[in-house]
Amino acid sequence: MTHAVDTNKPVPLVRLTAAGKQYGSIVALSDITLEVSAGEVTCVLGDNGAGKSTLIKIISGLHQPSVGTYEVEGAAVNFASPREALELGIATVYQDLAVVPLMPVWRNFFLGNEVRKGLRMNIALMKKTCKDELLDMGIDLRDVDQPIGTLSGGERQCVAIARAVYFGAKVLILDEPTAALGVKQSGVVLKYIIQARERGLGVIFITHNPHHAYPVGDRFLLLNRGRSIGYFAKEQITRDELTGLMAGGGELEELSHELEAMGGAAADAAQVLGEEAQELGISHRGAPGE
Amino acid sequence: MTSTAQAGLTPPPTRDERIRRKSTLARLFARPEMGALTGAIVIYLFFFIIAPSFRNGGSLSTVLYVSSTYGLLATPIALLMIGGEFDLSAGVAVTSSALTASLFCYEFTLNVWVGVAVALVVSLAVGFLNGWIVVRTGIPSFLVTLGTFFMLQGLNLALTQTITNQVASPDISNIAGFGSAAKIFASSFTIDGVNIRTTVIYWIVFVLLATWILLRTHIGNWIFSVGGSAPSARAVGVPVTRMKIGLFMAVGLMAWFTGMHTLFEFNTIQSGQGVGLEFVYIIAAVVGGCLLTGGYGSAVGAAIGAFIFGMTNQGIVLAGWDPDWFTFFLGALLLGAILLNTFIRRRAEAAK
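The rules behind these values
Residues numbered from 1 in each chain as written. Chains lettered and ligands numbered in written order. Predicted model: local features only at pLDDT ≥ 70, side-chain atom pairs only at ≥ 80, totals over all residues. Axes fitted to C-alpha atoms, helices over the stretch in contact; angles between N-to-C directions. Helix = DSSP H or I, 4+ residues; strand = E, 2+ residues; numbered from the N terminus. Parallel < 35°, antiparallel > 145°, perpendicular 65-115°, else oblique. Left-handed = near helix turned anticlockwise from the far one by under 90°. Contact = placed C-beta atoms within 7 Å. Nonpolar A, V, L, I, M, F, W, Y, C, P; charged D, E, K, R; others polar. Pairing = 2+ DSSP bridges. Core = buried A, V, L, I, M, F, W, Y, C linked by C-beta atoms within 7 Å. Buried ≥ 20, exposed ≤ 12 C-beta atoms within 10 Å, placed from the backbone. pLDDT = per-residue confidence, 0-100.

Trainee: Please clarify how the packing of helix 8 (residues 178-185) of chain B against helix 12 (residues 240-266) of chain B should be interpreted in this entry.
Mentor: Geometrically, a packed helix pair is captured by the angle between its two axes and the distance between the axes. All names here are of chain B. One way to put it is that helix 8 packs onto helix 12 with a least axis distance of 9 Å and a crossing angle of 125°. In terms of orientation, helix 8 and helix 12 fall into the oblique class. Classified by chirality, the crossing of helix 12 by helix 8 is left-handed. When helix 8 is examined against helix 12, the residues Ala181, Ala182 and Phe185 are found in contact with a partner set consisting of Met260, His261 and Phe264. Here the contact of helix 8 with helix 12 is composed, by residue class, of 5 nonpolar, 1 polar and no charged.

Listed below in structure tokens is the structure:
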């Protein structure tokens, strides 16, 4: 399987082709094409309201696409519920992580999938498995009995990822895993994304931060107002171009003009913005297009 | 791939010198029932000192009996509260159950066991209804069960009045099956000259069972999770709806059990009794470490809470005080327990 990645045309784990979603008369998403193969990270970038969450809902089985096709390992699927997606190994780690803060780490890890021994739970086995699995991902917890709420945001994110991996995920959908984290904690999470990729998982990494996406991503899908404004392989785009596209090119410049007009401190900020736009090569409507 | 290495630079989060190891004592006090245990010891010593008659074995047996009548229901109430819900109707539900059994077998001249069975069905149905309305509508259980509380109270009074023309159910001690039922629900035995009520044994058994379920089975895991964060529990496949309805029905079951004890202990039931008891159960659970917000607590704690009330109830009498002081203690203990629990919870959560 791992060799197949190099031949450039393996059957992707997940492939959306020209998919779109309408809610009544509102077009939330249109003409999206995206794929992720084993051992790959596909990043979905977009600002608030770009359609990222609609896209997650489609891939995770919460919604069906109104148009276009959705294939898992080459076979067309039409999920009725997230459970069906999960059965095919497509696991979603949501922003709120689906953990219960007051419960111990190991209880959270196995919640809903408890290992039973007759009527009882096999607590010793679960504690050991939890500790080992987390250790495998490089998280060394002194005590898996501590409430998960006492872990840092990054660690919690990693427990949620480790849990999805342990319970058979082939594709991980990570919904803004670094959004609420500091610089260092984000680094920890990015490391686990790479680790998941190295284990041969497909990862769909949703974020609005190009600086987080670029180092770990193999493909980048950029969304704006429910449309794709670019779908690139890593070798097709530089970090600065990615940042420029994300910042909205012209919009950044426009903001700079607006601030300039306000004068005073705002004008200073405008100058900085303008310089930044220049540096990114997006000034004067020179945004690198699709 | 250079970027890969760059992201890999961040060291794994390890325990560092900024995190103090919690001492064994501090860990012990982080347990939900520790506050209650401390309180129980203090209150025991208090009455032990000021009320000489509190010290003999007979008093302790009475204290245990009174505690058990609170504790039988405090146990499922604690589970329910850990599951994030609330039941204000439990106190009058006890009376409803007892009235149902008694009136049913009396009016239809049937064996009391038929009445007992009908009461069980009714009690479970009340629990189911409470739970079903709560999960279906998403209305806070405080309001839903406040509604059923008043409805049951009204039914108790009105139906008893309509059927018997009295404010109490008729004496059923002459009806067939009373003896065997009384033996099961309201008997006692003697060890070493000390009279032990069977309810005390049932209470202990139910507390142990509840504790085992909470800590050792997947059901317990689910109870904690639906109370701690229902959306999270649902997201990982825990049947939240069924769990909550089940917990309300467990309260119904124990309301039935307590009701049967009351019925076969006194042969007759006052239609207005039971009001106010719901608070005793809830306070026992809270004193025992249950959080009002759910997701945290213990059955043993609720048992200790019930024991505190049993002691206070008897201790006040034995100390020669006016029994009216009881409600004052009820309130004071509740406030004290909440303050203590808040403090403990902050400490438990401040381990960050």
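Trainee: Would you explain the environment of Gly68(A) in this entry?
Mentor: All names here are of chain A. Within the element layout of this structure, Gly68 appears in strand 4 (residues 67-72). Counting along the chain gives 16 residues from Gly68 to Glu84, while the straight-line C-alpha distance between them is 19 Å. For Gly68, the residues in contact, after removing those within four places along its chain, are Leu16, Thr17, Ala18, Ala19 and Gly20.

Trainee: What is the right way to read the pairing of strand 2 (residues 26-36) of chain A from this model?
Mentor: Successive residues of a regular strand alternate their side chains across the two faces of the sheet. The pairing of strand 1 (residues 14-23) of chain A with strand 2 of chain A spans 7 bridges and is antiparallel. Within strand 2 of chain A, the residue paired with Val14(A) across the bridge is Val36(A).

Trainee: Hey, could you run me through the nonpolar core in this one?
Mentor: The tendency in soluble globular proteins is for nonpolar side chains to be buried side by side. By size, the foremost hydrophobic cluster in this structure holds 179 residues, and its most contacted members are Leu172(A), Ile77(B), Tyr281(B), Ala284(B) and Ala285(B). Here this core gets 15 residues from one element, more than from any other, and that element is helix 12 of chain B. Among all residues touching Ala284(B), those that are not within four sequence positions of it are Tyr70(B), Ala74(B), Ala302(B), Gly305(B), Ala306(B) and Phe309(B).

Trainee: I'm lost on the environment of Asp87(B) in this one. Help?
Mentor: As for its position among the elements, Asp87(B) is in the loop between helix 4 (57-82) and helix 5 (90-107). Every residue in contact with Asp87(B), bar those within four places of it in the chain, is listed here: Ile77(B), Leu80(B), Asn130(B), Ser141(B), Thr145(B), Phe248(B) and Val251(B).

Trainee: What's the story with the confidence of the model for chain A in this structure? I'm lost.
Mentor: Low-pLDDT stretches of the model should not have their predicted coordinates read in fine detail. Residue and element names in this part refer to chain A. Counting all residues, the mean pLDDT for chain A is 82, and 88% of those residues have values of 70 or more. The secondary-structure element of chain A with the lowest mean pLDDT is helix 1 (residues 2-6), recorded at 43, while helix 4 (residues 105-110) shows the highest, at 93. Note that pLDDT drops below 50 for residues 1-7; the model gives that stretch 9 contacts with residues more than four away or on any other chain. Every residue in residues 283-290 scores below 50 in pLDDT, and together they form 14 contacts with partners more than four places removed in sequence or on other chains.

Trainee: What am I meant to see in the confidence of the model for chain B here?
Mentor: Residue and element names in this part refer to chain B. In the predicted model, chain B carries a mean pLDDT of 87, and the fraction of residues at 70 or more is 89%. Between residues 1-19, whose pLDDT stays under 50, and residues either more than four places distant or in other chains, the model counts 27 contacts. Interface confidence for the predicted complex, expressed as ipTM, amounts to 0.82; the pTM equals 0.80.

Trainee: Explain unusual backbone geometry to me, please; I cannot follow it from the model alone.
Mentor: Excluding glycine, most residues fall at negative phi; most peptide bonds, likewise, are trans. All names here are of chain A. The backbone of Ala18 sits at a positive phi, close to 50°, despite the residue not being glycine. Along the chain, Ala18 falls in strand 1. We classify Ala18 as partly exposed; it has 13 C-beta atoms within 10 Å. Its identity is not glycine, yet Asp31 carries a phi of approximately 55°, on the positive side. Note that Asp31 resides in strand 2.

Trainee: What's the story with the environment of Pro104(A) in this structure? I'm lost.
Mentor: Residues and elements named next belong to chain A. Mapped onto the elements of the fold, Pro104 is located in the loop between strand 6 (90-93) and helix 4. A sequence separation of 31 residues divides Pro104 from Glu73, and the C-alpha atoms of the two residues are 36 Å apart. Those residues in contact with Pro104 that lie beyond four places of it in its chain are Val144, Asp145, Gln146 and Pro147.

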